[in-house]
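Structural overview for review
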Amino acid sequence: MAAEPVQNLQGYKRHITSEFLADRYPYLEDIRGHLKHDDVTMAHGDRLFPRLVEQLKTPGMAPDKLCEALRTICDLSSNQENKCQAIASDVVAAATHLLTHDSIPVRRDAARVIGSLALLIGGRSLMPVGNTNMARKLTGAVSTGPTLPRLAKLLLSCNDEEVKMNAARALQAVTIFRDGCQQAVDQGTIRSTAQYLCATLPDLPSSEHLSLCLLYLLQTLAAVTMYADGGMKDLFGVHLLERIVGFLAKMPKDGLLPGASQADSVETLRQALRVLWHCGNDPRGRKETLKAEGVKVITAYLDASDSKVREAAVCALNVVSLETKGKEDILEHSPEGLAKLLQNGDAETPYLHETCVQLVRCASELPAFRFAFARRIMGSTWLLEKIYGTAAMAAVSPLLGPQEDEQTRVAALQVTLYFLSHPTTGDTIRVPPVCPPENVKDPRTFALEECTDILHNLVSLLDVARQPAAQCLQMLCELPRNREELRDIVSNGRVQPSATAEAELASILGSS
């Protein structure tokens, strides 16, 4: 079997020499004369990165040699100790300078180096300075400045897809941490990022590099809008949220972006929903999302196969529900999806479940949603109890009426019977308000005050489901006021009970 050629580590020209050449041969005046000017060579110990930086700063160095040096730095910066050495050796300034190099491959690798060193706070702290301190003879006619605006410029002006991806990856690495998020906002990088996304969305990316670029930029925006002061200011008024909603609407049914893996495609969806969620914490963001019909699009992801995507969709709807228009759109598009999520029980994360409960309570400020949602989950008494508590009787009370089919009326009757015998807390905010608040503590008082025509409907149900209807009336009539109200409507002819029902009513009123 033929021996395979040995693959040297990228960027190295192996050079065998003594580790302490200067100490062993002090009479040698030039210990580097044997090194070729255009070779990427390594030094030992503390000289490792400074030697590479010297070559990065050498005027007229060939682009392929610069790429070798940059790749070597990336290879060596795989651990925190080497990153610290690289940062101390002024790699950030040298790489920042090369972001504007004429060679496309050099720009690619320079952005990779920036992304690697941005994972340490020492590297991020040097980025506002960038290459400002480099000598004029090294920078030439190119103006100096901070690092992040140069990365943003690559997004907007460079036509190479891999350069865009590496620049986006570097921005994402910077904004993993709070200090980097604030730096990106303060230097106007988020404004440039928004401009790039507005120019490319809602169209789907056409290649793997552009798909990953989109993912990294959405991760950047999601982090900035969460952690930076004023992180949302550059995203409003430029139609970015409208384009993100359009992108979500255009996603293929299989959820795969061109060239991207399943995991990256799912993460891209999640980050897009997170951006809508975070921006929805500002009224301007909510209004822009609603104007773009965001509720309809986001609702489609409530049944996504990935739990994190479902969670992000619920959070995005939760903030939108703060607007009256948001409640109306949720009523139109979302009750079925929300009901399925809540009825999944332990299949969903506790965070998703609790957020969904809060979303339903907020949307329930709209009476039409409250009645529509109660109808959908009427078979889950435990869910009604968790969301509304005793106040659930007011939501299901209209379903007791004769205009409903018999099956619906009986189901609503069972719910009413449960809450009359099990006082619960549920939503402590009380939407709609219960006045006086003590009514919630006694379901019998609450039923008479808040449930319109409940006595009339219960009397008519004596012919449909006699036993549960009689039990409800019996419990209600334990209070003198309720008993007198029932006696009054029967004696005044406001209800027309059958002969069987009259006998039952006589028993209830007599025993009470």
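Before any of the text, the structure's been laid out above.
First, a word on scope: everything that follows refers to the structure included in this document. None of these values were measured; they are calculated from a predicted model.

With that settled, the discussion passes to the overall build of the chain. The number of helices and strands found in the chain is 30 helices and zero strands. By residue count, 53% of the 512 residues in the chain fall in the buried class. Of the accessible surface of the chain, which amounts to about 23800 Å², a share of 50% is contributed by carbon and sulfur atoms.

Right, let's talk about the side chain of T408 for a bit. Relative to the helices and strands, T408 resides in helix α25 (residues 406-421). With near-sequence residues (within four places) excluded, T408 lies in contact with R375, M378 and L399.

In this section: the nonpolar core. Ranked by internal contacts, the top residues of the largest apolar core, which has 161 residues, are I244, L248 and F373. Residue contributions to this core peak at 12 residues, all from helix α13 (residues 208-227). When residues no more than four places from it in sequence are discounted, the contact partners of I244 are L201, L218, A272, V275 and L276.

Contact pair helix α5 (residues 91-98) / helix α6 (residues 104-117): the axes reach a minimum separation of 8 Å and the direction vectors enclose 145 degrees. Here the hand of the crossing between α5 and α6 comes out left-handed. The segment α5 lies against α6, with V91, V92, A95, T96 and L98 engaging V106, R107, A110, V113, I114 and L117. When its residues are assigned to classes, the contact of α5 with α6 shows nine nonpolar, one polar and one charged.

The next thing to look at is unusual backbone geometry. The residue after L201, namely P202, is reached through a cis peptide bond having omega 5 degrees. Considering the arrangement of structural elements, one finds P202 in the loop between α12 (189-200) and α13. Look at D90: it is not a glycine, yet its phi comes out positive at around 70 degrees. Note that D90 resides in the loop between α4 (80-88) and α5. The backbone phi angle of H239 is positive, close to 70 degrees, even though this residue is not glycine. For H239, the location among the structural elements is in the loop between α13 and α14 (240-250). You can call H239 partly exposed: its relative accessible area is 44%.

Cut-off values and rules
Each chain carries its own residue numbering, running from 1 in the written order of its sequence. The predicted nature of this model means local features are confined to residues of pLDDT at least 70 and side-chain atom pairs, given and counted, to a pLDDT of 80 or more, with totals for whole chains, interfaces and linings taken over all residues. As a rule here, side-chain values come from all non-hydrogen atoms in the structure, and water together with hydrogens is ignored. Under the scheme used here, helices are H or I runs from DSSP no shorter than 4 residues and strands are E runs no shorter than 2 residues, and both carry numbers assigned from the N terminus. Relative accessible area decides the class of each residue, using a 1.4 Å probe on protein chains only: under 20% of the type maximum gives buried, over 50% gives exposed, and in between gives partly exposed. In this description, accessible areas are obtained by the Shrake-Rupley approach with a 1.4 Å probe, and a residue is regarded as covered only by the protein chains that are shown. Two residues qualify as a contact provided that any one of their heavy atoms is within 4.5 Å of a heavy atom in the partner residue. Think of a nonpolar core as a cluster: buried Ala, Val, Leu, Ile, Met, Phe, Trp, Tyr and Cys residues, connected wherever their side-chain atoms sit within 4.5 Å. Note on geometry: axes are lines fitted to C-alpha atoms, helical ones only across the stretch in contact, with angles between N-to-C directions running from 0 to 180 degrees. Handedness of a crossing is defined here by the sense of rotation of the near helix relative to the far one, left-handed for an anticlockwise turn of less than a right angle and right-handed for a clockwise turn. Under the scheme applied here, ten amino acids are nonpolar (Ala, Val, Leu, Ile, Met, Phe, Trp, Tyr, Cys and Pro), four are charged (Asp, Glu, Lys and Arg), and all others, including Gly, are polar.

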